[in-house]
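Residue-level structural notes
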Amino acid sequence: MTEAENKICAELWAEYESKLRNICKAKMHGCETDVDDIIGDVYLALCNQVAKEGLPTYQQSWLYATLKNLINVKFREKYRDESHMANFSIDEIELPYKHDFVSDVEDNHSINELNKIISTLNKEEQVIIHSVYFNKKKMKEIAKELGSTESAVKQKRYRLCSKLRTLLEGK
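Here's a quick rundown of the structure. (Residues numbered from 1 in each chain as written. Predicted model: local features only at pLDDT ≥ 70, side-chain atom pairs only at ≥ 80, totals over all residues. Heavy atoms only, no water.)

Regarding the environment of Ala51
- For Ala51, the location among the structural elements is in helix 2 (residues 35-53).
- By relative accessible area, which is 38% here, Ala51 ends up partly exposed.
- Placed 46 residues apart in sequence, Ala51 and Glu5 show a C-alpha to C-alpha distance of 6.8 Å. (Helix = DSSP H or I, 4+ residues; strand = E, 2+ residues; numbered from the N terminus. Buried < 20%, exposed > 50% of the residue type's maximum accessible area, 1.4 Å probe, protein only.)

A look at helix 5 (residues 123-134)
- Over its 12 residues, helix 5 extends 16 Å from the first C-alpha to the last, a length consistent with the 16 Å expected when each residue adds 1.5 Å.
- Residues of helix 5 that are buried include every one of Glu125, Val127, Ile128, Ile129, Ser131 and Val132, and no others.
- The distance from a side-chain oxygen at the start of helix 5 to the backbone nitrogen of Glu124 is 3.2 Å, and the residue carrying that oxygen is Asn122.
- Lys136 lies just past helix 5 and shows a positive phi near 55°. (Expected span 1.5 Å × (residues − 1). Polar contact = N/O pair within 3.5 Å; in protein donor to acceptor, adjacent residues only side chain to side chain.)

Some words on the packing of aromatic side chains
- Applying the stated criterion across every chain, the model contains 2 aromatic pairs.
- For the pair Tyr16 and Tyr64, a centre-to-centre distance of 6.5 Å together with 85° between the ring planes defines the contact as edge-to-face. Note that Tyr16 is positioned in helix 1 (residues 3-27) and Tyr64 in helix 3 (residues 59-83), a separation of 48 residues in sequence.
- In this structure Tyr16 comes out as buried when scored by relative accessible area, which is 9%.
- In this structure Tyr64 comes out as partly exposed when scored by relative accessible area, which is 24%. (Phe/Tyr/Trp six-rings, centres within 6.5 Å; stacked < 30°, edge-to-face > 60°.)

Structure follows, in structure tokens:
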């Protein structure tokens, strides 16, 4: 590239660079890291064009069309790269783990203790525990079954859980 061609490129670039950068930022929203690369590629394309074939007849149109083409190329690359990436949900992945037998034994011990405590509860308390935690019934259904109000059943469940927690911690 001659000194005259270099001067022409620099003048043309000084005139249009900020406009091209603003357009590129707007089009590449969300991919701001690629803006400088694209703008640099536009300048390089301009220099190559001037060196090989001379100054384009319609400089502004040529610059904008080149910018548009380079943005489209970048988006195609991103789409192609993303289409090869696997999209997994964390719930779908099963990781191997070591089984903790100590916690199993502790849990079994707690369950056995809880079963012993539940058998000592009165009939209404047993119905509430089994309906809520084993049968997964709604409070409204339990209240209807016991002939009570929903808020009363909620309160009884809360007090019952506190009582069970205290009894389990005491053993």
